[in-house]
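Listed here are the chains, written in short residue letters.
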Amino acid sequence: MKKLAAVLLAGTIALTAALAFPMSPDLNRQADCNRNHQECREYTLNLDAPWYKVMVLLTACDVAFGKCMLGL
């Protein structure tokens, strides 16, 4: 029953995101977003920083990738 509730909640969130962020005509090219995301991850993983700073920066890379793909 808990798995069903989790799946329904995930589906609701996905549907809400799909309806709230419609595709805009000026979306960035996927290749540019992928290249920028890869460069961001490589830079972050090559840093000589504590693990918690690396994790925060990797999360920032992922958020930036999502914004790029959505054209925000």
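Placed above this text is the structure.
What this report covers is the structure whose coordinates are included nearby. In this text, all values refer to a predicted model and were calculated from it rather than measured experimentally.

Analysis parameters
- Residues numbered from 1 in each chain as written.
- Predicted model: local features only at pLDDT ≥ 70, side-chain atom pairs only at ≥ 80, totals over all residues.
- Heavy atoms only, no water.
- Disulfide = S-S within 2.5 Å.
- Helix = DSSP H or I, 4+ residues; strand = E, 2+ residues; numbered from the N terminus.
- Buried < 20%, exposed > 50% of the residue type's maximum accessible area, 1.4 Å probe, protein only.

1. Quick notes on the state of the cysteines
Scanning the model with the defined rule gives two disulfides in all. The residue that forms a disulfide with Cys33 is Cys68, at a sulfur-sulfur distance of 2.0 Å. Its S-S torsion of about -80 degrees marks the bond between Cys33 and Cys68 as left-handed, since a negative value means left-handed. Taken together, the positions of Cys33 in helix 2 (residues 30-45) and Cys68 in helix 3 (residues 51-70) put the pair 35 residues apart, joining distant regions of the chain. Using a relative accessible area of 2% as the deciding quantity, one classes Cys33 as buried. Since its relative accessible area comes to 17%, Cys68 is described here as buried. Linked covalently through their sulfurs, Cys40 and Cys61 form a disulfide whose S-S length is 1.8 Å. Given an S-S torsion of about -75 degrees, the disulfide between Cys40 and Cys61 has left-handed geometry.

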